[in-house]
Amino acid sequence: MFAVLAVMTAVQIARDGAEGEVAHLNCSLELAVTFYITITFVVYWTLLSWQNFGMSGDTAAVEFTVSNYIVHGIVPIFAIVDWILFLPHGRVARSAPLKWLAYPIIYAIFIFIRAEVGGVLYGTSRYPYPFIDVDLIGGWVAAVVPVMAAAFYGLGRLYVLADMKIASRLSRSVPEYIRLER
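Residues numbered from 1 in each chain as written. Predicted model: local features only at pLDDT ≥ 70, side-chain atom pairs only at ≥ 80, totals over all residues. Heavy atoms only, no water.

### Quick word on the pattern of salt bridges
Move 1: Counting across every chain of the model gives three salt bridges.
Move 2: Across the pair D16 and R15 runs a salt bridge whose closest N-O atoms are separated by 3.2 Å.
Move 3: For D16, a relative accessible area of 45% puts it in the partly exposed group.
Move 4: Across the salt bridge formed by E116 and R126, the nearest N and O atoms sit 3.3 Å from each other. Here R126 lies in the loop between α5 (102-118) and α6 (134-137) and E116 lies in helix α5, a separation of ten residues in the sequence.
Move 5: Exposure remark for E116: the relative accessible area of 57% places this residue in the exposed category.
Move 6: Because the salt bridges share partners, they merge into one network encompassing E116, R126 and D135. (Salt bridge = Lys/Arg side-chain N within 4 Å of Asp/Glu carboxyl O. Buried < 20%, exposed > 50% of the residue type's maximum accessible area, 1.4 Å probe, protein only. Helix = DSSP H or I, 4+ residues; strand = E, 2+ residues; numbered from the N terminus.)

### Quick notes on the environment of D133
Move 1: As for its position among the elements, D133 is in the loop between α5 and α6.
Move 2: For D133, a relative accessible area of 3% gives the class buried.
Move 3: Sequence separation between D133 and F112 is 21 residues; the distance between their C-alpha atoms is 8.9 Å.
Move 4: Once residues within four sequence positions are removed from consideration, D133 is found in contact with S125, Y127, G138 and V141. (Contact = heavy atoms within 4.5 Å.)

### Structural notes on the nonpolar core
Move 1: Counting residues in each nonpolar core, the largest one holds 24 residues, and the members touching the most others are L31, V43, V92, W100 and F152.
Move 2: Those elements that provide at least two residues to this core are α2 (27-48), α4 (96-100), α5 and α7 (141-173).
Move 3: Sorting elements by how many residues they give to this core places α2 first, with nine residues. (Core = buried A, V, L, I, M, F, W, Y, C linked by side-chain atoms within 4.5 Å.)

Note that every value here comes from positions in space, so none of it alone points to a role or purpose.
Listed below in structure tokens is the structure:
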């Protein structure tokens, strides 16, 4: 998505100069991508990077590497800053977070199916994450998944609320005569 936006921006600047609205695809889609990368950030730093989940062998701890730091630390921060600075605000429906849950739910279903048909994935585990590893925590997964879905939904709602607040502040900061020209 960011590569497409970079090309769109370059084309727009070549065509119209640096004036006008920043190139964007779809505000809800772009905020959904920011939401997903924020989930990656939160899950990595709260559940994967600092804790040993009692697994053995080479899966005992998530390896701290430069690439892990960039993917799970730097990229999410850049995505959030990109959303705040460059995406038009106030155009995302309040119902969007519910729709955004489709991807994490489909991904969870994929993980469970893959674990059943695919065999060992990491070391001795069939699951990519210990907090949804049925072999490790058993029936607790039935509690973990809905709690995570609810937390993700709450995060999505926070993003939509923040988007509306930013839009409100921006509209108040633009002089009325400029707003009337649009």
